[in-house]
Protein chains: 4
Amino acid sequence: MIIVMKLNAPQSQVDAVKERLNQVGLKPHTIEGVEKQVIGAVGNQNLSLLSGLEIMEGVEKVLHVSSPYQLVSREAKEENSIIDLGGVKIGGPELAIMAGPCAVEDYEKTSSIGHFLKEQGVSILRGGAYKPRTSPYSFQGLEIEGLEILYQVAQETGLKIVSEVLSPSDVEVVSSYVDVMQIGARNMQNYALLKEAGKSLKPVLLKRGMACSIEEWLMSAEYIMAEGNPHVILCERGIKTFEGYTRNTLDISAVSLAKQLSHLPVIADPSHSSGSWKLVPSLSKAIISAGGDGLIIEVHENPAEAWCDGPQSLNFSTFQNMMSQLHPVATALGRTMPELPKKVKGEK
Amino acid sequence: MIIVMKLNAPQSQVDAVKERLNQVGLKPHTIEGVEKQVIGAVGNQNLSLLSGLEIMEGVEKVLHVSSPYQLVSREAKEENSIIDLGGVKIGGPELAIMAGPCAVEDYEKTSSIGHFLKEQGVSILRGGAYKPRTSPYSFQGLEIEGLEILYQVAQETGLKIVSEVLSPSDVEVVSSYVDVMQIGARNMQNYALLKEAGKSLKPVLLKRGMACSIEEWLMSAEYIMAEGNPHVILCERGIKTFEGYTRNTLDISAVSLAKQLSHLPVIADPSHSSGSWKLVPSLSKAIISAGGDGLIIEVHENPAEAWCDGPQSLNFSTFQNMMSQLHPVATALGRTMPELPKKVKGEK
Amino acid sequence: MIIVMKLNAPQSQVDAVKERLNQVGLKPHTIEGVEKQVIGAVGNQNLSLLSGLEIMEGVEKVLHVSSPYQLVSREAKEENSIIDLGGVKIGGPELAIMAGPCAVEDYEKTSSIGHFLKEQGVSILRGGAYKPRTSPYSFQGLEIEGLEILYQVAQETGLKIVSEVLSPSDVEVVSSYVDVMQIGARNMQNYALLKEAGKSLKPVLLKRGMACSIEEWLMSAEYIMAEGNPHVILCERGIKTFEGYTRNTLDISAVSLAKQLSHLPVIADPSHSSGSWKLVPSLSKAIISAGGDGLIIEVHENPAEAWCDGPQSLNFSTFQNMMSQLHPVATALGRTMPELPKKVKGEK
Amino acid sequence: MIIVMKLNAPQSQVDAVKERLNQVGLKPHTIEGVEKQVIGAVGNQNLSLLSGLEIMEGVEKVLHVSSPYQLVSREAKEENSIIDLGGVKIGGPELAIMAGPCAVEDYEKTSSIGHFLKEQGVSILRGGAYKPRTSPYSFQGLEIEGLEILYQVAQETGLKIVSEVLSPSDVEVVSSYVDVMQIGARNMQNYALLKEAGKSLKPVLLKRGMACSIEEWLMSAEYIMAEGNPHVILCERGIKTFEGYTRNTLDISAVSLAKQLSHLPVIADPSHSSGSWKLVPSLSKAIISAGGDGLIIEVHENPAEAWCDGPQSLNFSTFQNMMSQLHPVATALGRTMPELPKKVKGEK
């Protein structure tokens, strides 16, 4: 922490600042410039008690030097963290492809989508059972029934499951069904939920909030890790900007930056960020090119009749086509795509 | 809902769209332009099932005509809603002034601030007991102990209390201590919390999310009202923009607009939106001039030593000065300020 | 300028930074912390040559302490600057009300609007002769013919004229007709135009760019002043944000802040920022309450048939009504409104 | 254009709207819903005269159906436009790599950079001779001397030249030296400059403004094409958002979208959008993966001593490394990279 004093601030004001720093246990050092004095304070503790420093008399500016996150930081752990879901690894050389419908609608449709995705080499099935909807009058999800359906499809196909949790009191039940709990963009700063997810050891997919800076995103991951759960996957999904052609603006730089700043795996969601299936294949290629460790993509057998987010869902044929485009790009980047399941003799 | 078909879309595609509308119970009407056809659909139900309409073949654009909120809308209720906290009214001609520290720090400081504010004509004391903090290492609030302190100061002073609730499971306990539960900006789309607050009858102060549109804000109010709680106060507190001089950008137009679109009371928070006490007096005057029904302002006896948000807190003297500026402006606008408490003989 | 070195950066890297500072004429001072070293550099010259400093080896961060604007800064000149247009003063106790149509359409309409505004106490007529339009197919303005019309109406009414200039080569002709040259939001960083306007002594109304920070806005004013023209009026007119209900988001804090940071007069444009005439009266009251020195407002006799920006134009009756609301607010703020012209006996 | 009338608007109001449409030459068609009437208007002319329509009595909403750009639209021309700079093609299968220093500093450095880039397979040299700088006190560019240097290096190396033009009066001189005139982000809505560039036949690189929507960007390209110059290259370079870790937010979706909406070539600038050389390689791969036709990248022999934008400049070694990463990705995408120059025998 560096405190810049105003031009010709009297010594008494400098002393008051130094005393305040001493009070909370920081050691002040002064540099005497020709006109301005600068005070450096070493230490990281109790910084939240010092918000008032910048309005002490004689203080021109307070500058923070250290990054506020610790456990999630690459300085804390140099090598990449790899989250292992019983054999399916996120953050290693193999890209993680998560796909599925926006919402779980019923068993038949979910099972059909699940089997299709399995054949395409997808290893993780996404599907909303608890849905955060802007309108109280929109479909709110099948809740436990939806989790049961996902679980059944997982048993049939061997797919792993990722699904959203909306409330601290649902963490226990959701984590008993899924392999990865998703905390959605709207809940990225729902600290009660973050803490509860941190008390579990279930992997957490943490989506970036639509108005949240990269630093705030990493701080929310820090909340989960600080409670004891190191299994966090970061997911960029677009931020709010003035541009209206897309639903949100995919912050592709955030994918690269999060990889540089943190050891955690980073994936991105081209479906929610764009709001348009026509952009999903090119954005998916861009995300892995920027260093992303995987993708989470909406797929529906019949998007025109999906109960939510139809316009951004790929159908089976456009998804298959996209996967075939991703393969050579992954190879060019030195990454691998999930292997296709081996077909038993006689299968077509 | 209006569906614009592509140039020369064949009749079969038009028919498919009309059939889909019929399926979910909407009545389609067609207008034949020279080149393009337009289909109007009357009805408001099941719209969430129709997200996929815009990707049906031949469809160029889908346009929504009706506003998605109903109970909060001024069309639903023409006269202003007034929230009555046992005599203190929000939304009537008298402006509601809520003030107090960012966080409840201890009894002595809270009591001292409370008595000061009471003398200034403030009728509602704000103070955080549960604090949503970006960092897990920052002070997280005194929790129940903080509520106890607020309650005690309320008993002593006659002030009403507003304090934040962070989790659905805390709604019961928080609402047993306070007169108004605050749902903060970070939780504006925490639907589990909105629903729980909607099941209570305790008034709710709903802050606008930093990346949330005015429509999304009204939809979150709709969540609370749809559960049966009509006592909602809207609070603008700044949105995220590229401007870095201020902590957020106070959307002053949102204050005026929310009053036009909804019958609910609308207040604003000049402290959090600006992040700087030097802007609070002028923004406060602007907020009431734009039609705001009140203010929520951070005040601390010694902002330089506040445990959080010191830079945006007024001290006693700057608050007093601001109140004296607000009086003539309120009068000019045809509004009244809360009456000062009558002094007993012998008091100075 | 403060350079924070990385943890345990070797002395050779510290020396390299100090040498680079010496090279461009700055004097480095070092502070030795327990773990990190910090170098302060005194001086303001050649800073633009130092952009590369932050990527020198061992450098963690470069922090700028001084504000980059000088002539426009309140530190440079403590008292308010007042721009005097032959008796009509901007920046003094009297508020400046500028009003008129978006575009000059023809003599009759302009004259009719001018005479109406004169009676309402307006002292400056706005009207676009050169129009910056998003589409090349939209009406581009009457150009010189428009200036002639404005000049004629000014002669008839005694109103002063403000009108936009789009190109450096038009500065001479526009400034020969108008009392204030407007530089629009889209041209706020058109440095060729700023320099040309700076070579004139004609007052300049500098609108803030829609994506420009307050600092960038003041830097653009600095361009004009650095060329020798001290007569700059700052005008806030809304920034681009995600909110779509309004055309732009009026940054009301920027009005207060610009008054604190600079000695120049600051006005705002409630018409362009909101895009809706229904918001103009309340925003106008908010602007002057926030410390604005005046307003620039679109008024048209028949907004429904205006050639541009009809939806944000007040008509005669709504403008008159707004003026009557502004009077008491101005008085409450200790400001005055322009006096109404004295009527000659016998006039109604 | 579709006009939605308010619930139960009387026939007289509907008739007034239809009359207004007829007045400007549009043909109205009415659709009678059960409760609301909708009027469709066919035709595209004089739309700018109709801004006032939405405030006519009884009108609820006016919806625009057609895109406002025509010449730049892919509907107008299905196949990709290819800009041919004497053999170097932009918009075809081969990616266009433009690179060079932010500013031309002197002949020696520019020549050294030019020869290095030539060897790396770059075909177009970028370099600023006229610099738009936020501060009037920053280095403003060598102007004509800078153009002379670029021209000389082009002669020596066979590289094509792209350089920025800031003012309409400089279009003639700049276009006499360069192969592509750049119009920068700050001038994207400098219509006087766009028109002047449109009167030339010199190819124009049009950067997207930092607060400009994709539609506004295409409209600015339309300005150039409407004047008769079809040789426009679109360049995404980041938009202003709340995120502060990067200088701007690269809108990767805009690259894909612009390719879908328009036939013009689309490139992007990873240097200015990120502000950090460490992000340039991964963003470059993302840009071409998203469908970009090329890149414009800042390269300097010694970024720490560059006169501007050092932190975002690659040095020779990081540029070379990036090029080697781009090759396999280009191949995977079915694109080609520029061929390396054949070495004469005896060269190392």
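The text that follows walks through the structure, step by step, so that each part is easy to find. In every chain, residue numbers begin from 1 and rise along the written sequence. To label them, take the chains in the order written and letter them from A, then take the ligands in the order written and number them from 1. Residues qualify for local features only when their pLDDT is at least 70, as the model is predicted, and side-chain atom pairs are given and counted only at 80 or more; totals for whole chains, interfaces and linings, by contrast, use all residues. Note: side-chain values were computed over all heavy atoms of the structure, leaving out hydrogens and water.

1. With respect to helix 7 (residues 252–261) of chain D
Reasoning step 1: Partly exposed describes any residue whose relative accessible area lies between the buried limit of under 20% and the exposed limit of over 50%, with all areas from a 1.4 Å probe on protein chains only and scaled to the type maximum. Secondary structure elements are defined from DSSP: runs of H or I of at least 4 residues count as helices, runs of E of at least 2 residues count as strands, and each element is numbered from the N terminus. With respect to burial, helix 7 of chain D is a largely interior element, nine of its ten residues being buried.
Reasoning step 2: Within the span of helix 7 of chain D, buried status applies to Ile252(D), Ser253(D), Ala254(D), Val255(D), Ser256(D), Leu257(D), Ala258(D), Lys259(D) and Leu261(D).
Reasoning step 3: Here, residues are in contact when the closest pair of their heavy atoms is within 4.5 Å. Its buried side turned inward, helix 7 of chain D meets helix 7 (252–261) and helix 9 (280–289) of chain A together with helix 6 (214–226), strand 12 (232–236), strand 13 (266–268) and helix 9 (280–289) of chain D.

2. Things to note about the interface of chain A and chain B
Reasoning step 1: Contacts between the two partners involve 52 residues from chain A, matched on the other side by 52 residues from chain B.
Reasoning step 2: For the pair chain A and chain B, the two sides together bury roughly 4,000 Å², of which 54% comes from carbon and sulfur.
Reasoning step 3: Salt bridges, as used here, are contacts in which a Lys or Arg side-chain nitrogen is within 4 Å of a carboxyl oxygen on Asp or Glu. Measuring nitrogen to oxygen at the nearest pair gives 2.9 Å for the salt bridge that ties Lys240(A) to Glu216(B).
Reasoning step 4: Polar contact is defined as a pair of N or O atoms within 3.5 Å, subject to the rule that within protein one atom must be able to donate a hydrogen and the other to accept it, and that residues adjacent in sequence are counted only when both atoms are side-chain atoms. The tally of links from chain A across to chain B stands at 17 residue pairs in polar contact (both at pLDDT 80 or more).
Reasoning step 5: When contributions to the side of chain A that touches chain B are tallied by element, the ones reaching two or more residues are helix 1 (11–23), helix 5 (191–199) and helix 6 (214–226) of chain A.
Reasoning step 6: Broken down by element, the side of chain A that touches chain B gets its largest block of residues, five residues, from helix 6 of chain A.
Reasoning step 7: Classification convention: Asp, Glu, Lys, Arg as charged; Ala, Val, Leu, Ile, Met, Phe, Trp, Tyr, Cys, Pro as nonpolar; all other residues, Gly among them, as polar. Tallied by class, residues from the side of chain A that touches chain B come to 27 nonpolar, 15 polar and ten charged. In short, buried area is how much 1.4 Å probe accessible area vanishes from two parts on joining, totalled over both.

3. Description of the packing of aromatic side chains
Residues and elements named next belong to chain A.
Reasoning step 1: Between the rings of Phe, Tyr and Trp (Trp by its six-membered ring), a pair exists once the centres lie within 6.5 Å; its type follows the angle of the planes, with under 30 degrees stacked, over 60 edge-to-face, and the other angles tilted. Counting across every chain of the model gives 20 aromatic pairs over all chains.
Reasoning step 2: Look at Phe116 and Phe316: their rings are 3.9 Å apart centre to centre, the planes differ by 5 degrees, and that puts the pair in the stacked class. Here the residue Phe116 occupies a position in helix 2 (residues 107–120), and Phe316 occupies one in helix 10 (residues 316–332), the gap between them amounting to 200 residues. Grouping residues by exposure puts Phe116 and Phe316 together as buried.
Reasoning step 3: With a centroid separation of 4.5 Å and 25 degrees between ring planes, the pair formed by Tyr191 and Tyr223 is classed as stacked. Linking Tyr191 in helix 5 with Tyr223 in helix 6, this pair joins segments that are 32 residues apart in sequence.

4. So, the relation of the copies chain C and chain B
Reasoning step 1: A least-squares superposition brings the copies together, and it is based on the C-alpha atoms of residues with pLDDT no lower than 70 in both. Here chain C sits on chain B after a turn of 180 degrees about the axis and a move of 0.0 Å along it, with an RMSD of 0.1 Å. Accordingly, the operation relating the two chain copies is best matched by a two-fold axis. Taking C-alpha positions as reference, the residue of chain C nearest the rotation axis is Ala286(C), located at 2.0 Å.
Reasoning step 2: Here 100% of the contact residues of chain C are again contact residues in chain B; the copies associate through an equivalent surface.

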